[in-house]
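# Commentary on secondary and tertiary structure
Here is how the chains run, residue by residue.
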Amino acid sequence: MADSSFDIVSKIDRQEVDNALSQTAREVATRFDFKGTGATIEWKGEFAIEISASADDRASAVLDVFQGKLVKRGVSLKVLDASEPRQSGQQSKIAITLKEGISSENAKKVAKLIRDEGPKAVKTQIQGDELRVSSKSRDDLQAVIALVKAQDYDFAVQFTNYR
């Protein structure tokens, strides 16, 4: 019987992030506590979002609304890398970058965890920004998924190509 395998990846569902951003923009435009603050949220490139408002606390409030929308849509908050509010003229701005992919050092951490604590028959292989896990036993792969889910990494993990 051939080996079964799956990939550990860190991907962003861009459509869900875009929907959450649109919902946040609509809510900010209609909510009473944002009236007259000039609060906005918008894309600034492929993996960057910018929030601006007239005060630091209003910009932070927009960020909180955006994070709430992401959680409701099933997007992990670990994909966000938000800066502290900074003054830019009359406006306070927060820059957010979206993190995608597993860095080689993080992939090595996950591979070491699987080697040390996972079932012995499991093999790992780093392939670019993802990690392939394979074994003859599907039960071993299920155990590895449970083991990786139980860890609290500073990046989001998903499991794909399970076969």
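Structural data are supplied above this passage.
Rules and cut-offs
- Residues numbered from 1 in each chain as written.
- Predicted model: local features only at pLDDT ≥ 70, side-chain atom pairs only at ≥ 80, totals over all residues.
- Heavy atoms only, no water.
- Phe/Tyr/Trp six-rings, centres within 6.5 Å; stacked < 30°, edge-to-face > 60°.
- Helix = DSSP H or I, 4+ residues; strand = E, 2+ residues; numbered from the N terminus.
- Buried < 20%, exposed > 50% of the residue type's maximum accessible area, 1.4 Å probe, protein only.
- Lys NZ or Arg CZ within 6 Å of the ring centre and 35° of its normal.
- Axes fitted to C-alpha atoms, helices over the stretch in contact; angles between N-to-C directions.
- Parallel < 35°, antiparallel > 145°, perpendicular 65-115°, else oblique.
- Left-handed = near helix turned anticlockwise from the far one by under 90°.
- Contact = heavy atoms within 4.5 Å.
- Expected span 1.5 Å × (residues − 1).
- Arc of directions from axis to C-beta.
- Salt bridge = Lys/Arg side-chain N within 4 Å of Asp/Glu carboxyl O.

Let us look at the packing of aromatic side chains. Under the criterion given, the structure shown has three aromatic pairs. Ring geometry for F6 against F159: centres 5.7 Å apart, planes inclined by 75 degrees, an arrangement best described as edge-to-face. One end of the pair, F6, is in strand β1 (residues 4-9); the other, F159, is in strand β9 (residues 158-160), and 153 residues separate them in sequence. On the basis of relative accessible area, F6 is assigned to the buried category, the value being 0%. Through pairs of rings, three or more aromatic residues link up here, namely F6, F159 and Y162. The ring centre of W43 lies 4.0 Å from the NZ or CZ of R14, which sits over that ring.

Between helix α1 (residues 14-30) and helix α2 (residues 56-72), whose axes approach to 9 Å, the crossing angle comes to 135 degrees. Taken together, the axes of α1 and α2 are oblique relative to one another. Along this stretch, α1 crosses α2, giving a crossing that reads as right-handed. Along the contact surface, α1 presents V17, A20, L21, Q23, T24, E27 and V28, while α2 presents V62, V65, F66, K69 and L70.

A few words now on helix α4 (residues 138-150). In a regular helix each residue adds 1.5 Å, so 13 residues correspond to 18 Å; α4 covers 19 Å between its end C-alpha atoms and thus fits that length. D140, L141, V144, I145, L147 and V148 are the residues of α4 that are buried. Seen end-on, α4 carries its buried residues on one side only, within an arc spanning 165 degrees. Exposed residues pointing more than 90 degrees away from the buried face of α4 are listed as D139, K149 and A150.

This brings us to α2. Its 17 residues give α2 an end-to-end C-alpha distance of 25 Å, which sits within 8% of 24 Å, the value for a rise of 1.5 Å per residue. Three or more residues of α2 are buried, namely R58, A59, A61, V62, L63, V65, F66, K69 and L70. Tucked inside the fold, the buried residues of α2 contact α1, β2 (40-43), β3 (48-53), β4 (80-82) and β6 (91-98). Just past α2, the residue G74 takes up positive phi, approximately 80 degrees.

What follows deals with the pattern of salt bridges. A complete count under the given rule lists 14 salt bridges for this structure. For K69, the salt bridge identified is with E27, shortest N-O distance 2.8 Å. With K69 in helix α2 and E27 in helix α1, this residue pair connects regions lying 42 residues apart in the sequence. Residue K69 is classed as buried on the basis of its relative accessible area of 14%.

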